[in-house]
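Structural overview
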Amino acid sequence: MAEFFDGFEGIHIANIASYILDDASLIELPVDSFNERIDEADEELKETLSELIKDDKTRRSVSNALTDNGSVVRDVFFEAGILCGLKLAKTLATDTEQYTDLIRRYSKRD
């Protein structure tokens, strides 16, 4: 999983500007379904554990370990998203002049 951060330094405003200015369709996030998706995944996990592990104590132990792992993974992805957002905000605030030519060049293509 450490490979996740290998591309972190490659986050660059020019990539985002190019993507947006090239009329790429943006992905719409299904915000309303986030809780539903998590609830469904949790329910499926509980059902699978119930089928595979008959002993209640063992099943709870495995379930707790999986929940702890999921919490750590969710926290890491959240923190990485915040860091990416902060890097983007800093770049926008400090390097705007550098991208003015890029934006002009793309806007003249129409």
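Quick note: structure is the one above.
Predicted model only: the values in this text are computed from it and were never measured.

Pairing is possible between side chains of opposite charge, provided their charged atoms come close. In the structure shown here, the tally under the stated rule is one salt bridge. Between Asp-56 and Arg-59 there is a salt bridge, with the nearest N and O atoms lying 2.2 Å from each other. Here the residue Asp-56 and the residue Arg-59 both occupy positions in helix α3 (residues 56-94), the gap between them amounting to three residues, near one helical turn.

What follows covers a nonpolar patch on the surface. Taken together, the side chains of Phe-78, Ile-82, Leu-83 and Leu-86 present a nonpolar region at the surface, about 420 Å² in accessible area. With respect to the helices and strands, the residue Ile-82 is situated in helix α3. Judged by its relative accessible area of 41%, Ile-82 falls in the partly exposed class.

Another point: the packing of helix α2 (residues 34-52) against α3. Across the interface, α2 lies against α3 with an axial gap of 10 Å and an inter-helix angle of 150 degrees. When the interaxial angle is binned, α2 and α3 end up roughly antiparallel. Between α2 and α3 lies a crossing of right-handed hand. Two secondary-structure elements touch here, α2 through Ile-38, Asp-42, Leu-45, Leu-49 and Ser-50 and α3 through Arg-59, Val-62, Ser-63, Leu-66 and Arg-74. Each residue belonging to the contact of α2 with α3 can be placed in one class, and the counts come to five nonpolar, two polar and three charged.

Definitions and limits used
Residues numbered from 1 in each chain as written. Predicted model: local features only at pLDDT ≥ 70, side-chain atom pairs only at ≥ 80, totals over all residues. Heavy atoms only, no water. Salt bridge = Lys/Arg side-chain N within 4 Å of Asp/Glu carboxyl O. Helix = DSSP H or I, 4+ residues; strand = E, 2+ residues; numbered from the N terminus. Patch = residues over 30% accessible without salt bridge, like charges linked within 9 Å, V, L, I, M, F, W, Y side chains within 5 Å. Areas by Shrake-Rupley, 256 points an atom, 1.4 Å probe, with all protein chains shown as cover. Buried < 20%, exposed > 50% of the residue type's maximum accessible area, 1.4 Å probe, protein only. Axes fitted to C-alpha atoms, helices over the stretch in contact; angles between N-to-C directions. Parallel < 35°, antiparallel > 145°, perpendicular 65-115°, else oblique. Left-handed = near helix turned anticlockwise from the far one by under 90°. Contact = heavy atoms within 4.5 Å. Nonpolar A, V, L, I, M, F, W, Y, C, P; charged D, E, K, R; others polar.

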